[in-house]
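Structural overview
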Amino acid sequence: MIEAADLTAVRLTIELAGLVTILLLLIGTPIAWWLARTPSRWKGPIGAVVSLPLVLPPAVLGFYLLVLMGPNGPLGALTQSLGLLPFTFPGLVVASVIYSMPFVVQPLQNAFEAIGERPLEAAATLRASPLDTFFTVVIPLAKPGFLTAAILGFAHTVGEFGVVLMIGGNIPGKTQVVSMAIYNHVEAMEYGNAHLLSGILLVFSFVVLLSLYTLNRSGKQS
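Procedures and definitions
- Residues numbered from 1 in each chain as written.
- Predicted model: local features only at pLDDT ≥ 70, side-chain atom pairs only at ≥ 80, totals over all residues.
- Heavy atoms only, no water.
- Phe/Tyr/Trp six-rings, centres within 6.5 Å; stacked < 30°, edge-to-face > 60°.
- Helix = DSSP H or I, 4+ residues; strand = E, 2+ residues; numbered from the N terminus.
- Buried < 20%, exposed > 50% of the residue type's maximum accessible area, 1.4 Å probe, protein only.
- Axes fitted to C-alpha atoms, helices over the stretch in contact; angles between N-to-C directions.
- Parallel < 35°, antiparallel > 145°, perpendicular 65-115°, else oblique.
- Contact = heavy atoms within 4.5 Å.
- Nonpolar A, V, L, I, M, F, W, Y, C, P; charged D, E, K, R; others polar.

Time to look at the packing of aromatic side chains. Following the criterion strictly, the structure yields eight aromatic pairs and no others. With a centroid separation of 5.3 Å and an interplanar angle of 75°, the aromatic rings of tryptophan 33 and phenylalanine 134 are classed as edge-to-face. Of this pair, tryptophan 33 sits in helix α1 (residues 4–37) while phenylalanine 134 sits in helix α7 (residues 130–141); the two residues are 101 residues apart in sequence, bridging distant segments of the chain. We classify tryptophan 33 as partly exposed; its relative accessible area is 24%. Given the relative accessible area of 14%, phenylalanine 134 is considered buried. Here the aromatic rings of phenylalanine 63 and tyrosine 64 are separated by 5.3 Å at their centres, their planes lie at 65°, and the arrangement is edge-to-face. Here the aromatic cluster, defined as three or more aromatic residues joined through ring pairs, consists of Trp33, Phe112, Phe134, Phe135 and Phe146.

Put into C-alpha cells, the structure is as follows:
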C-alpha cells in the first residue's frame, strides 16, 4: 500500500511536471522558431547553450544553478525578490525548465524546419500577417512536434534526480518528488516501497515511449 508521504511526492511530481511543461512550451516555442528560421551566426552558440543539459551531468548543472540562484549568488537579489530561491518549489520549477529545455525546443525546431517555405509563402500571398501565419499555418502543421515536445518535456521532468537533489533539497511536502522518495526508501532499505514507486515510473516511461512511437508512426502515414 502506498504511503501518504509517497502520494504527496507523486502529487508534487505531477504538479511540477505539468507546470514545467506549460512554461517550456511558452518559452521554448519562440526559441525553436528563431532557431529554425534565423540565418544569424549566433544560431550555433545559442543552440548549443539550449542543448547543453543533454550532455552536462545534472549534478553539475544543479550546482551552478545553486550558485547562481543562491542568496549570495550573481542572481541572488533577483531570485530572492521573485521568490525563486533554491530549496523552494518555485526555485525547483526554474531549474527544471532549464534542465528540460532541449527536450522541448529540439522537437519543435525539427517540426518548424520540416514545414518548409511554401506554406509560409502561400500565407504571405493572402496578405496574412506573420502572427496570423504562425497561428493558422505553422501551429497546425507542427502539431505532431508540439505533442512530442509536451510528452518529452513532461516525462523528462518526472524523471529528474540530480537537479532536484541540488536545487530542491528533498524537503517532504515541498520539493520531495518521486525520484527522491525512491532514493529515501532505498537508503532506509524499504525495498517494497521503492519497488512500488519504481514500478509506477517504469509503467509511466513505457507509456511515454509507446505514445511517442504511435505518434511518429501516425505522422508518417498521414
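This part takes up the side chain of histidine 185. Checked against the element boundaries, histidine 185 lands in helix α10 (residues 178–187). For histidine 185, a relative accessible area of 6% corresponds to the buried category.

Looking now at the packing of α1 against α10. Where α1 contacts α10, the axes come no closer than 8 Å and their chain directions differ by 150°. Judged on the interaxial angle alone, α10 and α1 are roughly antiparallel. Facing Asp6, Ala9, Val10 and Thr13 of α1, the residues of α10 in contact are Val178, Ala181 and His185. Tallied by class, the residues present in the contact of α1 with α10 amount to four nonpolar, two polar and one charged.

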